[in-house]
Amino acid sequence: MPSAGLYMDALITPNRSLSRRGFRVFMTILIVLNLAIAALFVAIGALPVPVFLGLDVLGVFIAFKIHYRSGQRAERVQVTADEVRVLHQIGSMARTVWTSPTAFTRVEIEVEGEHEAKVSLKLSAKRMGIGAALSPPERSDLARAIEAAIRSARAERYR
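Describing the nonpolar core
Step number 1: Counting residues in each nonpolar core, the largest one holds 21 residues, and the members touching the most others are L121, I130 and I146.
Step number 2: Elements supplying a minimum of two residues to this core: β1 (6–12), β2 (73–80), β3 (83–90), β6 (117–123), β7 (126–130) and α3 (136–157).
Step number 3: When neighbours within four sequence positions are excluded, L121 is seen to be in contact with V84, V86, W98, T105, R106, V107, K126, R127, M128, I130 and I146.
Step number 4: By size, the runner-up hydrophobic cluster in this structure holds 5 residues, among which are F23, M27, V57 and Y68.

Have a look at this one:
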């Protein structure tokens, strides 16, 4: 990373509407309900039903674990006087997927329909989409923030 100061360091993470505590409460309720239903079916002699209820709980648990693992993914956009950099992060590991000189990088907003916007960084014919985890209004705000950071960085570089 160049020694120049950061004009922007934005971390973009997907939104998760159910917290860890909420997940525990949901799973507890699901298990209690399935145990009550399983007890009724065991009482009437339908022994295979509790097995399928247990598989149901296991399937829901696995689906949520996969969902939470994808929530560890993040996108970091950094703007310095020298370059614009995009990193993809998974947990503590990060890899750079885009680097371009600040002086020649443009931000483009594509509006598709009334409620859809896509943000891209452009350098000549090269293009990188960013902010897919954000809502359309947030993407527009991100594009404006990146443009402002690039303007400030260019102003420092060419004083």
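Quick word on a nonpolar patch on the surface
Step number 1: A contiguous nonpolar surface patch, about 690 Å² in accessible area, is contributed by V51, F52, L55, L58, F61, I62 and I66.
Step number 2: Checked against the element boundaries, L58 lands in helix α2 (residues 48–70).
Step number 3: On the basis of relative accessible area, L58 is assigned to the partly exposed category, the value being 45%.

Remarks on the sheet that holds β3
Step number 1: An order of β1-β2-β3-β4 is seen for the 4 strands of this open sheet, with the pairing classed as antiparallel. The strands lining the two open edges of the sheet, one partner per strand, are β1 and β4 (93–101). Averaged over neighbouring strand pairs, the angle between their axes works out to 15 degrees when direction is ignored.
Step number 2: The pairing of β1 with β2 spans 6 bridges and is classified as antiparallel.

What to know about the pairing of β6
Step number 1: The buried fraction of β6 is high, at 6 of 7 residues.
Step number 2: As judged from the 6 bridges shared by strand β5 (residues 106–111) and β6, these two strands associate in the antiparallel manner. Within β6, the residue paired with I109 across the bridge is V119.
Step number 3: In this sheet, β7 lies alongside β6 in antiparallel orientation, the contact comprising 5 bridges. Each bridged residue has a counterpart across the sheet, and for L123 the counterpart in β7 is K126.
Step number 4: Linking β6 back to β7 in an antiparallel pair, the connection comprises 2 residues, with S124 at a positive phi of about 55 degrees.

Describing the environment of T13
Step number 1: Tracing the backbone through its elements, the reader meets T13 in the loop between β1 and α1 (20–43).
Step number 2: Spatially, the C-alpha atoms of T13 and A117 are 17 Å apart, while their sequence positions differ by 104 residues.
Step number 3: Excluding residues that lie within four positions of it along the chain, T13 makes contacts with R73, A74 and A133.

The rules behind each value
Residues numbered from 1 in each chain as written. Predicted model: local features only at pLDDT ≥ 70, side-chain atom pairs only at ≥ 80, totals over all residues. Heavy atoms only, no water. Core = buried A, V, L, I, M, F, W, Y, C linked by side-chain atoms within 4.5 Å. Buried < 20%, exposed > 50% of the residue type's maximum accessible area, 1.4 Å probe, protein only. Helix = DSSP H or I, 4+ residues; strand = E, 2+ residues; numbered from the N terminus. Contact = heavy atoms within 4.5 Å. Patch = residues over 30% accessible without salt bridge, like charges linked within 9 Å, V, L, I, M, F, W, Y side chains within 5 Å. Areas by Shrake-Rupley, 256 points an atom, 1.4 Å probe, with all protein chains shown as cover. Salt bridge = Lys/Arg side-chain N within 4 Å of Asp/Glu carboxyl O. Pairing = 2+ DSSP bridges. Axes fitted to C-alpha atoms, helices over the stretch in contact; angles between N-to-C directions.

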